[in-house]
Amino acid sequence: MDLERLREIIQIVEETGISEVEIEQDGLRIVVRANPTGVSHQVVAAPVAAAPVSTSIESSSDSATTEQAAAEPAGTQVRAPIVGTFYRAASPDATPFVAVGDRINPGDVLCIIEAMKLMNEIEAEVSGTVTAVLVENASPIEFDQPLFIIEPS
Amino acid sequence: MIQKVLIANRGEIALRIIRTCHEMGLKTVAVFSTADRDSLHVRFADEAVCIGPPPGRDSYLRPDRIIAAAEVTGAQAIHPGYGFLAENADFSAICEDHDIKFIGPAPSTIRMMGDKSFAKNTMRNAGVPVVPGSDDVVKSGPIGKRVALETGFPVIIKASAGGGGRGMRIAWTEDEFESQYAVAKAEAESAFGNGDLYVEKFITGPRHIEIQVLGDGKGSVIHFGERECSIQRRHQKLIEESPSPVVDEALRAKMGAAAIAGAEAVNYEGAGTVEFLLDDQQNFYFMEMNTRIQVEHPVTEEVTDCDLVEYQIRVAMGESVKERDIPIEGHAIECRINAEDPFRNFSPSPGTVSTFHPSGGHGVRVDTHVYAGYQIPPYYDSMIAKLIAKGRTRDLAIRKMLRALDEFVIEGVKTTIPFHLQLLADEKFQAGSFDTGFLDTFELKPPEE
């Protein structure tokens, strides 16, 4: 197994999005595993008894996420920039800022996140259509939590 | 009433605090940055709230996000751990403003002890010995010399704006004071753009000895004996032990009384540590006070059979501290295991820990947040485990530690375990004869191929 071949394998994993490649050859077993955050180049080389060349490629990483993607509407996620309580409207009796199907422009207020007695207005950064509201009114939310899906247009 | 505690920290100390909370029947909330999503403290806590991206300044150092997390989860108290916001007086005050109990001292106490010269004066007024010298900057060579004569030689001439060992000169006798003063001034001006100097007694053969205290904020303070922390590399502690091989009962009583006097003078609430320098004549001098739980608290816990985190929480709940002597039994040593390569000048070794099998057995304690498959984030410090060994005597504790270091398996990253093995086997270390300069001359043997 030379360095060039190893580089090729790592590249293949990166480019095709497969999750794992395992190769046994000439008494050497190499496993290259991809990370959600990028290929980790975690190469485990373990000597094994000499065996014929065999390769097994798993494409399991995407099956779970494609399922999820099918259930979730298309578009970009709006994620919480702070920690607090999520409110869909300016007050309990008011109409929500946005609903599914609404067209929005950059700067439009999508929701309020209350933190430390302050009401923070969260504004849209893209123009498009709201395709999903992911959090219930008055729920606690954490940093980076997905709140809305906007289909850009 | 405190029923739910938010831990404003990460890593091994967050786990440590969560463990005691669960033993006490308290609910726990972990906060984490996106880099710590798979961290053990997140898994073990009852609830967890993501508070920001990886950098500390955008997450663990954000009082607003931490308070918001306490609000949405209904936590009544926040334990700050060590580092991050643990000694941030403003954070202690913000908690107060939001009716959240900060598990630690009052904001004013943190502020007072954080100001080094204020702390020194407070201690001096409480009758605690402090390092003699100029209280402030010396305006000229002749004035400096006068201070030096009053203090007694040798003295150290230090840059006020200094650090990293620069702008410091030792004058062993009166004759060389003026020239050393001039050199120090020139160095300080060039390194820090500020030639201000002060003069202090130079402690020969200094050992770093610290006393663990606990106060209830109602006037009662007790101490738990000392920790010997002289094994330091660039002012970072690597090995700590309790008791110190050079502190006998009489000295312990004196240092303990001094630490208590200092803590009582500021009506201290919570766990704290009073640091002293001990010279080779058994004289001790106040250095500074840390108003938090410390990394090396386990060695005190092992020889006093106390849970210091539990005491912190109980004091925060309003319990009074009963004044009493705490008996010390046996000897405990702690090795801080870092993801660093000791043979490459301790350069950090980030990456994924592929195998992790901690030591165990009689007298061995491991405080760690690491597990097999864990990816060490590059954003925080490199400590991956604290290995603590306790024996009936110091020799037995050393033997146990050597055995425990030998069987600790960590693969995938380089660690300082080989360094600790050499250090624990060193003659001088085993004899207990070392001071804070020990590691400057310690020679690490290269790894066997």
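Below is a short write-up of the structure. (Residues numbered from 1 in each chain as written. Chains lettered and ligands numbered in written order. Predicted model: local features only at pLDDT ≥ 70, side-chain atom pairs only at ≥ 80, totals over all residues. Heavy atoms only, no water.)

### Structural notes on the packing of helix α12 (residues 394-407) of chain B against helix α13 (residues 417-425) of chain B
Residue and element names in this part refer to chain B.
Okay, so step 1: Running from N to C, α12 and α13 point in directions that differ by 155°, and their axes come no closer than 10 Å. The pairing of α12 with α13 is recorded here as roughly antiparallel in orientation. For the crossing formed where α12 meets α13, the hand is left-handed. Note on element contacts: α13 touches α12 through Ile417, His420, Leu421, Leu424 and Ala425, opposite Ile398, Met401, Leu402, Leu405 and Asp406.
Okay, so step 2: Here the contact of α12 with α13 is composed, by residue class, of eight nonpolar, one polar and one charged. (Axes fitted to C-alpha atoms, helices over the stretch in contact; angles between N-to-C directions. Helix = DSSP H or I, 4+ residues; strand = E, 2+ residues; numbered from the N terminus. Parallel < 35°, antiparallel > 145°, perpendicular 65-115°, else oblique. Left-handed = near helix turned anticlockwise from the far one by under 90°. Contact = heavy atoms within 4.5 Å. Nonpolar A, V, L, I, M, F, W, Y, C, P; charged D, E, K, R; others polar.)

### Brief notes about the sheet that holds strand β12 (residues 139-141) of chain A
Residue and element names in this part refer to chain A.
Okay, so step 1: Taken in spatial order, the four strands of this open sheet run β10-β9-β7-β12, and their pairing is antiparallel. One side of each edge strand has no neighbouring strand; the edge strands of this open sheet are β10 (118-123) and β12. Strand after strand, the sheet turns through a mean of 40° between neighbouring axes, direction not considered.
Okay, so step 2: Alignment of strand β9 (residues 109-115) against β10, held across six bridges, turns out to be antiparallel. Residue pairing across strands places Cys111 opposite Ile122, the latter belonging to β10. (Pairing = 2+ DSSP bridges.)

### What about the interface of chain A and chain B?
Okay, so step 1: Contacts between chain A and chain B engage 14 residues on the former and 20 residues on the latter.
Okay, so step 2: Buried surface at the junction of chain A and chain B, both sides included, amounts to about 1,200 Å², of which 63% is carbon and sulfur.
Okay, so step 3: Its largest share of buried area at the contact with chain B, chain A owes to Val83(A), Met116(A) and Phe143(A), together 53% of the area lost on that side.
Okay, so step 4: Our count for the contact surface shared by chain A and chain B stands at two salt bridges.
Okay, so step 5: Notably, a salt bridge pairs Glu142(A) with Arg37(B), separated by 4.0 Å at the nearest N-O pair.
Okay, so step 6: The interface formed by chain A and chain B contains four residue pairs in polar contact (both at pLDDT 80 or more).
Okay, so step 7: Its residues assigned to classes, the side of chain A that touches chain B shows seven nonpolar, four polar and three charged. (Buried area = accessible area lost by both parts, 1.4 Å probe. Salt bridge = Lys/Arg side-chain N within 4 Å of Asp/Glu carboxyl O. Polar contact = N/O pair within 3.5 Å; in protein donor to acceptor, adjacent residues only side chain to side chain.)

### Observations concerning the sheet that holds strand β14 (residues 331-338) of chain B
Residues and elements named next belong to chain B.
Okay, so step 1: Pairing is antiparallel across the open sheet formed by eight strands, whose spatial order is β13-β12-β9-β10-β11-β14-β21-β19. Since the sheet does not close on itself, it has two edges, and those belong to β13 (284-290) and β19 (364-368), each with one partner. Here the strands of the sheet are splayed against their neighbours by 25° on average, with no regard to which way each runs.
Okay, so step 2: Here β19 runs beside strand β21 (residues 383-391); their pairing, made up of five bridges, is antiparallel. Each bridged residue has a counterpart across the sheet, and for Val366 the counterpart in β21 is Leu387.
Okay, so step 3: Against the sheet, helix α1 (residues 11-23) makes contact with β19 and β21, and its axis sits at roughly 110° relative to β19, the strand it touches most.

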